[in-house]
Amino acid sequence: MTLVRWQPRGTVSRWAPNRDVEGIQNEMNRMFDWFFGRESGESLVDSAWIPAVDIFQDADNYHVHVDLPGMQRDDIDITMSGDSLTISGEKKRESKQDDDNFFRVERSFGRFSRSMRLPSSVDAERISAKYQDGVLQIVIPKAETARPKQIKVQS
Amino acid sequence: MNTRTEHKREAADRWCEPTMQPPTDIQEFEDHFAIDVELPGVAADRVDLQVEQGELRVTAERLHAVDENRDYLASERRFGTYCRVFRLGDLVDPEGITAELRDGVLRVQIKKHAKAMPKKIQIN
């Protein structure tokens, strides 16, 4: 257990409707970091923003869906190491910008990185991903040993 | 374009939940305004743009796939109806609005009236 610096919620001043939700999320992350003895925000050092992620599973696969609107396919990196999946990249503004012509700035740009540990071993060789309508969809097949098996009852 | 914050938020709050207002950037160019609205996972035919009483209203429906075989481990993304209201001022031409949805970002371009464009004045 190390001493960690207290990080107050929301130092950002621009208006964002989900700030409260993000605040709660940050608070939760802090709590988990504390519980697992990590340096607070360690995994977020590289992140200017945090994309929203859904993870669900069916019998054969894990599915990870990430909201990444307005990105270039080449700017997204997916790495699998052991049972830990990392999605990172950089979101760049498409138009050359001239700072003083902005009336409203709510979208987030810059680097992001998210890591998640999957609950069972996976077949890293057969992971597939596609980017469509601003959503990254990753399909991660479970390892043979992790799939549910039907066991026949002998009569 | 009227960019007074209170006015816009008031208009928006009348009919749409703040949590479902998508992040938006607004930029001014010489002859038009560009509004970029983040709408990940929304199909083009689920986006609706309407100009009414000097307001541009954007609504977009994001459908959640209903599948009972899905066992969720994390669910952070939001689904439902996104909405946003933009007050159009005298500077713009409501007939000159175009919109394009690409990679989950809706770009709306609104032409300025000719009278609102910068004029170059010749020195004789």
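Everything numeric in this text was worked out from a predicted model, so none of it was measured.

Here is what the cut-offs are and how they apply
- Residues numbered from 1 in each chain as written.
- Chains lettered and ligands numbered in written order.
- Predicted model: local features only at pLDDT ≥ 70, side-chain atom pairs only at ≥ 80, totals over all residues.
- Heavy atoms only, no water.
- Helix = DSSP H or I, 4+ residues; strand = E, 2+ residues; numbered from the N terminus.
- Buried < 20%, exposed > 50% of the residue type's maximum accessible area, 1.4 Å probe, protein only.
- Contact = heavy atoms within 4.5 Å.
- Areas by Shrake-Rupley, 256 points an atom, 1.4 Å probe, with all protein chains shown as cover.
- pLDDT = per-residue confidence, 0-100.
- Buried area = accessible area lost by both parts, 1.4 Å probe.
- Salt bridge = Lys/Arg side-chain N within 4 Å of Asp/Glu carboxyl O.
- Pairing = 2+ DSSP bridges.
- Axes fitted to C-alpha atoms, helices over the stretch in contact; angles between N-to-C directions.

## Focus on the overall build of chain A
At step 1: From N to C terminus, chain A includes one helix and eight strands.
At step 2: For chain A, the sequential pattern of α-helices and β-strands runs α-β-β-β-β-β-β-β-β.
At step 3: Sorting the 155 residues of chain A into buried and exposed places 37% on the buried side.
At step 4: Nonlocal contacts in chain A, meaning residues at least 24 apart in sequence, comprise 56% of its contacts between residues at least 6 apart.
At step 5: When the accessible surface of chain A is totalled, it reaches about 10,000 Å², and 50% of it is carbon and sulfur.

## Examining the confidence of the model for chain A
At step 1: Mean pLDDT over chain A: 81, with 74% of residues reaching 70 or higher.
At step 2: The element-level mean pLDDT for chain A is lowest in helix 1 (residues 19-35) of chain A, coming to 72, with strand 8 (residues 135-141) of chain A highest at 97.

## Focus: the confidence of the model for chain B
Detailed reading of the predicted model is not advised wherever pLDDT is low.
Residues and elements named next belong to chain B.
At step 1: Counting all residues, the mean pLDDT for chain B is 85, and 88% of those residues have values of 70 or more.
At step 2: Averaged pLDDT values over the elements of chain B bottom out at 50 in helix 1 (residues 5-13) and peak at 95 in strand 8 (residues 105-112).
At step 3: Confidence drops under a pLDDT of 50 for residues 1-5, and excluding neighbours within four residues, the segment shows 16 contacts in the predicted structure.

## Details of the interface of chain A and chain B
At step 1: Taken residue by residue, the interface counts 37 residues in chain A and 38 residues in chain B.
At step 2: Contact between chain A and chain B buries roughly 3,400 Å² in total, counting both sides, with carbon and sulfur atoms accounting for 48%.
At step 3: The largest contributions to the chain A side of the interface with chain B come from Phe103, Arg104 and Arg107 of chain A, which together make up 21% of the buried area.
At step 4: Across the contact surface, chain A and chain B share nine salt bridges.

## A short note on the sheet that holds strand 1 (residues 53-57) of chain A
At step 1: Spatially, the five strands line up as an open sheet ordered 7(A)-8(A)-2(A)-1(A)-5(B), and their pairing is antiparallel. Sheet topology places strand 7 (128-132) of chain A together with strand 5 (71-75) of chain B at the edges, where each strand pairs with a single neighbour. With strand direction ignored, the average angle separating the axes of adjacent strands in the sheet is 15°.
At step 2: Relative to strand 2 (residues 61-67) of chain A, strand 1 of chain A runs antiparallel, the two being bridged by five bridges. Looking across to strand 2 of chain A, one finds that Val53 of chain A is bridged to Val66 of chain A.

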